[in-house]
Amino acid sequence: MRNVTRLKTRKDRLQEDQADLLKQALLPFAEDGGAMGDAVGRLYVQIKNLTTPDPGTTEPFVMIRPAQNRAVTLWLMENSKRPMKAVSVWTLLFDHLMPHTGQVMLTREEIAEQVGIAVQEVSKIMNELVTFGAIFSEREKIAGMRGPGLVRYYMNKHVAEVGSRATQEELSIIPKPGAKLEVVQGGKL
């Protein structure tokens, strides 16, 4: 059996190498939080979405069990005022999560534009998702801003886990499908 690989031109490799360097340079600035952390997170997610990870990297991923995704989508379809748009918002969130924190890196305006609804509708749908427990929100007080502060949304880790892919070394330990496993008697070889 032959392995199928994606052809990468020299330009593709250079862009991916540069993107990797840029992501690594951005990460220390994301830890400060606030407006800088938010801006860095948004850049990081955009760079991640434009490049494909090489095998052997620990590029972030989102893991959600099908039953959990089904529970959220069914709940939205049965309880949301705009069920199809709510499901569209739910699926959009997965492409815009900050690695390792699960923060949604889209503004209400960006979500509204991509889904084709009013900003107020996005707020209602996000509140529905918070009510159900699929996501949670935190308020961050911004200096000079009136009111309770800027709302930030995060994926609920009990619904969808944001993590990293296993390295090639870790993958090599896992038996491949169809591999013959040896029966061990008494815990000895």
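Numbers given for residues are sequential positions, taken from 1 along each chain in its written order. It should be noted that, the model being predicted, local features are given only for residues of pLDDT at least 70 and side-chain atom pairs only at 80 or more, the latter also being counted only at that level, while totals for whole chains, interfaces and linings use all residues. To obtain the side-chain values, all non-hydrogen atoms of the structure were used and water was disregarded.

**Side note on the packing of aromatic side chains**
By convention here, two paired aromatic rings are described through the distance between centres and the angle between planes.
And then number 1: Any pair of Phe, Tyr and Trp rings, taking the six-membered ring for Trp, is counted once the centres come within 6.5 Å. Such a pair is stacked with planes under 30 degrees apart, edge-to-face with planes over 60 apart, and tilted for the rest. Applying the stated criterion across every chain yields a total of three aromatic pairs.
And then number 2: Between Trp90 and Phe94, the aromatic rings sit 4.9 Å apart at their centres with planes inclined by 80 degrees, giving edge-to-face as the arrangement. Assigned by exposure class, Trp90 and Phe94 land together as buried.
And then number 3: Seen in terms of ring centroids, Phe136 and Tyr154 are 5.3 Å apart; in terms of plane orientation they differ by 15 degrees. Their pairing is stacked. Here Phe136 is found in strand β2 (residues 135-140), whereas its partner Tyr154 is found in strand β3 (residues 150-155), with 18 residues between them in sequence.
And then number 4: Under the scheme applied here, a residue whose accessible area is under 20% of the maximum for its type counts as buried, over 50% as exposed, and between as partly exposed, the area being computed with a 1.4 Å probe on protein chains only. Owing to a relative accessible area of 14%, Tyr154 belongs among the buried residues under this scheme. Numbering of helices and strands starts at the N terminus; helices are DSSP runs of H or I of at least 4 residues and strands are runs of E of at least 2.

**Brief notes about the pattern of salt bridges**
Pairs can form between side chains of opposite charge once their charged atoms are near each other.
And then number 1: Any Lys or Arg side-chain nitrogen found within 4 Å of a carboxyl oxygen on Asp or Glu counts as a salt bridge. A full pass over the atoms with the stated rule returns two salt bridges.
And then number 2: Ionic pairing is found between Glu121 and Lys124, a salt bridge with its closest N-O pair at 3.7 Å. Here Glu121 and its partner Lys124 are both found in helix α6 (residues 119-132), three residues apart, which amounts to about one turn of the helix.
And then number 3: For the salt bridge of Arg152 with Glu140, the shortest nitrogen-to-oxygen distance reads 2.5 Å. Here the residue Arg152 occupies a position in strand β3, and Glu140 occupies one in strand β2, the gap between them amounting to 12 residues.
And then number 4: Judged by relative accessible area, which is 21%, Glu140 ranks as partly exposed.

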